[in-house]
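Spelled out, the chains give:
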Amino acid sequence: MIRSWQRWNNASRKWLWLLVVVGIVASLPVIYQRVQTESSAKKVEFVFNYRGLLEISALKENPAAFIDEQLDKLKEARISTMAVFESTLDELTKARRIMVFNASDVAKMNQSVVSDNGNQTYIAFTSSDNEQQLRPIIEKAFEDMDVSVKPWTYGEHAGLVLGMAPEEAVLKSMQPDPIAIAKLQDKGFNILPRMSDTIRYNQDDVDELLAYYEQIGVKRILFDGDAVKGYSDNEAMNSLEGFAELLKKHNIGLITIENLKAPQKGLNKLAFLTDYNMVRLFSLSDVDANLDSLKLADKFVLATKDRNIRIIYLNASPSKDVVKSIISNPIDNLIGSLQEPGNAIQSIEDNGFELGQAEAFKVVDASWQKYLKAIVVLGGVAFCALLVSVFIPSLTLASLAVGLVGSAGLFVLKPVLLEQALALLVATSAPTIAMILAIRKIREVNETIPDMSAGRRLTHTIVLYLKTAILSLAAVPFVIALLNNITYSLVLNQFRGVSLLHFVPIFLTAVYVFLYLGKSIWQELLKWIKTPVTLLWVGAFAVLAVAGYFYLSRTGNGGTLLPGEATLRSFLENTFGVRPRNKEFLLAHPLFIVGIFAAFRYRPAIYVMIVAVIGQLSMVDTFAHIHTPAVLSLIRGVLGLGLGLIFGLVLTLVWYVIERCWDKWSPLLLKP
């Protein structure tokens, strides 16, 4: 019975490989439609924060003239859009449209003393035109907050008295400044409204506001704060569905901001309700706006090309230089990054993009995809079962059965968890299997051809290098097909557990090398347990721990660059147009090649494979970044393989020279 079970498990492997191949074939149409989706939106939009410009102008001798001058410069630099926030009394004061006084100010004007129970806010309009356009907005905003609003005069100027302390009143949000919007439109700018959830939601008011936005050509809105418009009132008013209906009615889309500490509340639901009429935005901070213009240009180019960013949002604020006794701003530096010397816009256009109002991806998602994905799931489960068969052959069929039952259950209960979990398992399985098969091949060659010539060793090495890479990349079609959803491209939904992909193949390869290359697993395990722990072992473990920590710290976006690495990245980007991963072509791939070449003669060199597997998993991990175009990821992986081969051959030549020198001189060293 046991032998029969073992025979069935062994025989099942070829059928599992067949299922893997069928899964790859089924994924190809899905991959093609993803590439179509990623190619459907090629317009890039540069947006400048108008509030920042207003804050800078408030520190100038002639604010109005400064704003006019800077707007002309920004327009000439091909910045097409201005972001306009909901207005506040503070912002209207900086724009010189109103003046704000407190009770103490008014008492001094009237040559009286301040009242014990009076702490209102007094507003004076600086012109009749300002009063005509802003008074209705201010009155409605504060009356909606149940704040009393009364008329007031300041000399010959009309004004208002608000029943709220000035410190609080200046923080309240109102509709955007219509005077500023009209001026920006006269200058030829598009308008990107910023909307917050601080104003109580009212369906009729929002409808009127969005109708106004549609009239002036607004295509998208960007939310300000940690929640979308209507989120706080959704439980009581179902406001998100109402807001979504209005957005679709007025043909206005949404924007998601890259790398926020926490997603804006309600954005995912609103995106779903608006059929994902959404684009991704890269926001340049006030601090980063002062970086070197060439570095800024690189940021903009990489954002659009590598991360499906379609809106570049530029912030700017004044800064004090105590040493030079001046107040500076980064506007000229930002313009320099876009034009000369950064030439970001030219580079973006050279990459196949055009400037214009950003458009959402036109999702290509045929109804037959769900049937192909079912086949992909079957192939993915088979791939995972093959990994189990490498370590515990007797559980091959059992793991397949468990995988199929579990997949069926997750499809019913949590389909998103199914696609993410299976994608992660396949992404982990492929490079692990590829590396273990490479190790087995090395042992097989060593046993059949113990004394190979250097030429044959090199030939076997290159062939094994290519075969291992192809097998590792076999996981890619599964990852792409399983995660082919616009929510991943927009990073509304993220591929979880990627850190495991950076660790598990290394761990499993180490287990195989240490325990599976002897006569039995238990003998090898006992041998390692009985090995005396020396100071050398402790030192080696400490070095490995530090190296492992550094490696894992580099897996995310916040890793610290090594000295000279930024220059190398820039060189690679400018030379090849796509930057391969340093850990692939500088470390793992060359180490793989020289390790195999050496292992064909020196068996202990097989331990190098534990580190070399990093290159295999890294290639798969590149495709786990779903917001990066699939074609670009493919180019990056192939380029890394090519450069890794070149560096590996150079390293192999160095090793061979060392071998020859050792063969020649070691006998002399051993003489008494």
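Note: the structure precedes this text.
Bear in mind the structure is a predicted one, so any value in this text is a computation, not a measurement.

Thresholds applied
- Residues numbered from 1 in each chain as written.
- Predicted model: local features only at pLDDT ≥ 70, side-chain atom pairs only at ≥ 80, totals over all residues.
- Heavy atoms only, no water.
- Buried < 20%, exposed > 50% of the residue type's maximum accessible area, 1.4 Å probe, protein only.
- Helix = DSSP H or I, 4+ residues; strand = E, 2+ residues; numbered from the N terminus.
- Pairing = 2+ DSSP bridges.
- Phe/Tyr/Trp six-rings, centres within 6.5 Å; stacked < 30°, edge-to-face > 60°.
- Lys NZ or Arg CZ within 6 Å of the ring centre and 35° of its normal.
- Core = buried A, V, L, I, M, F, W, Y, C linked by side-chain atoms within 4.5 Å.
- Contact = heavy atoms within 4.5 Å.
- Salt bridge = Lys/Arg side-chain N within 4 Å of Asp/Glu carboxyl O.
- Expected span 1.5 Å × (residues − 1).
- Lys, Arg positive; Asp, Glu negative; His and termini not counted.
- Polar contact = N/O pair within 3.5 Å; in protein donor to acceptor, adjacent residues only side chain to side chain.
- 1 Å grid on protein atoms, 1.4 Å probe; cavity = no way out; pocket = protein on both sides within 12 Å on 5 of 7 lines; lining within 4 Å.
- Points joined across faces, edges and corners; volume = space filled by probe spheres on them.
- Nonpolar A, V, L, I, M, F, W, Y, C, P; charged D, E, K, R; others polar.
- Patch = residues over 30% accessible without salt bridge, like charges linked within 9 Å, V, L, I, M, F, W, Y side chains within 5 Å.
- Areas by Shrake-Rupley, 256 points an atom, 1.4 Å probe, with all protein chains shown as cover.
- Axes fitted to C-alpha atoms, helices over the stretch in contact; angles between N-to-C directions.

(A) Representation of the pairing of strand E1 (residues 43-49). A large share of E1 lies buried, amounting to 6 of its 7 residues. Two elements, E1 and strand E14 (residues 354-355), share 2 bridges in a ladder whose sense is parallel. Residue Val44 lies in a different strand from E14, and its bridge partner there is Leu355. Pairing geometry for E1 and strand E11 (residues 309-314), over 4 bridges, is parallel. Pairing of Glu45 across the sheet is with Ile311, part of E11.

(B) Up close: the packing of aromatic side chains. Counted under the stated rule, the structure contains 21 aromatic pairs. Put simply, the rings of Phe101, Tyr122, Trp152 and Tyr154 touch in pairs and so form one group of aromatic residues. Above the face of the Phe189 ring, Lys75 is positioned so that its terminal group lies 5.3 Å from the ring centre. Of note, Arg457 hangs over the ring of Phe597, and the distance from its end group to the ring centre comes to 3.9 Å.

(C) Main features of the nonpolar core. Phe383, Phe592 and Met609 are the most contacted members of the largest nonpolar core, which totals 72 residues. Put simply, the parts of the chain that give this core at least two residues each are helix H1 (2-38), helix H16 (369-391), helix H18 (415-448), helix H19 (454-473), helix H20 (475-482), helix H22 (498-515), helix H26 (582-599) and helix H27 (609-624). At 14 residues, H18 tops the list of elements feeding residues into this core. Setting aside residues up to four positions removed in sequence, Phe592 forms contacts with Met435, Ala438, Leu464, Tyr465, Thr468, Met609, Ala612 and Gln616. Core analysis: the next-biggest nonpolar cluster, separate from the first, contains 69 residues, Ile56, Leu273, Ile331 and Leu490 among them.

(D) The pattern of salt bridges, seen in detail. According to the stated counting rule, one finds 25 salt bridges in the structure shown. In this structure, Lys441 and Glu444 form a salt bridge, with 3.8 Å as the shortest nitrogen-oxygen distance. Taken together, the residues span about one helical turn, with Lys441 and Glu444 both in helix H18 at a distance of 3 residues. Overall, Lys441 belongs to the partly exposed group, its relative accessible area being 31%. One salt bridge in this structure joins Glu659 and Arg601, with 3.3 Å as the shortest N-O distance.

(E) Representation of helix H6 (residues 128-144) in the model. Under the 1.5 Å per step criterion, the end-to-end length of H6 is 24 Å for 17 residues, consistent within 8% with the ideal 24 Å. Regarding H6, the residues found buried are Asn130, Leu134, Arg135, Ile137, Ile138, Ala141 and Phe142. With its phi angle positive at about 60 degrees, Asp146 sits one or two positions after the end of H6.

(F) Up close: the side chain of Glu584. Note on placement: Glu584 falls in helix H26. In this structure Glu584 is buried but unpaired, with Arg581 as the nearest side chain of opposite charge at 4.7 Å. Within the structure, the side chain of Glu584 is placed 3.5 Å from the backbone nitrogen of Met619, a separation counted as a polar contact. Setting aside chain neighbours within four positions, we find Glu584 in contact with His589, Pro590, Gly615, Ser618, Met619, Thr622 and Gly640.

(G) The arrangement of empty space enclosed by the protein in detail. Scanning all chains against the criterion turns up 3 cavities of 30 Å³ or more. Empty space within the largest cavity amounts to approximately 70 Å³. Lining the largest cavity are Glu45, Val47, Thr81, Ile191, Leu192, Lys219, Arg220, Ile255, Ile311, Gln357 and Ala358. Split by residue class, the lining of the largest cavity holds 6 nonpolar, 2 polar and 3 charged. Considering only enclosed or pocket space, the second largest cavity measures out at about 40 Å³ in volume. Residue contributions to the lining of the second largest cavity peak at 3 residues, all from strand E10 (residues 278-284). Looking at the lining of the second largest cavity residue by residue, the class counts come to 6 nonpolar, 1 polar and 3 charged.

(H) Summary view of a nonpolar patch on the surface. A grouping of Ile521, Trp522, Leu525, Leu526 and Ile529 is seen on the molecular surface, where their side chains present a nonpolar patch of about 520 Å² in accessible area. Residue placement: Leu525 occurs in helix H23 (residues 521-530). Take Leu525: its relative accessible area is 31%, and that puts it in the partly exposed class.

(I) Quick look at the environment of Leu649. Checked against the element boundaries, Leu649 lands in helix H28 (residues 630-670). In the structure, Leu649 is positioned 59 residues away from Pro590 in sequence and 7.4 Å away in space, judged by C-alpha atoms.

(J) Broad picture of the sheet that holds strand E4 (residues 121-125). Strand order across the open sheet formed by 4 strands is E3-E4-E6-E5, with antiparallel pairing between neighbours. Each edge of the open sheet carries a strand with a single partner, namely strand E3 (98-101) and strand E5 (149-154). Sheet twist, expressed as the average angle between the axes of neighbouring strands with direction ignored, equals 30 degrees. Sheet analysis places E3 next to E4, joined by 4 bridges and oriented antiparallel. Residue Met99 lies in a different strand from E4, and its bridge partner there is Ala124. Against the sheet, H6 contacts E3, E4, E5 and strand E6 (157-162), and its axis sits at roughly 10 degrees relative to E6.

(K) Seen up close, the pairing of E4. The element E4 is largely enclosed, with a buried count of 5 among its 5 residues. Side chains Thr121, Ile123 and Phe125 of E4 all project onto a buried face; the interleaved residues Tyr122 and Ala124 project onto the opposite face, where all are buried too. Two strands pair when backbone bridges link them, and E4 and E6 are joined in this way by 4 bridges, in the antiparallel orientation. Counted as the bridge partner of Ile123 is Leu160 from E6.

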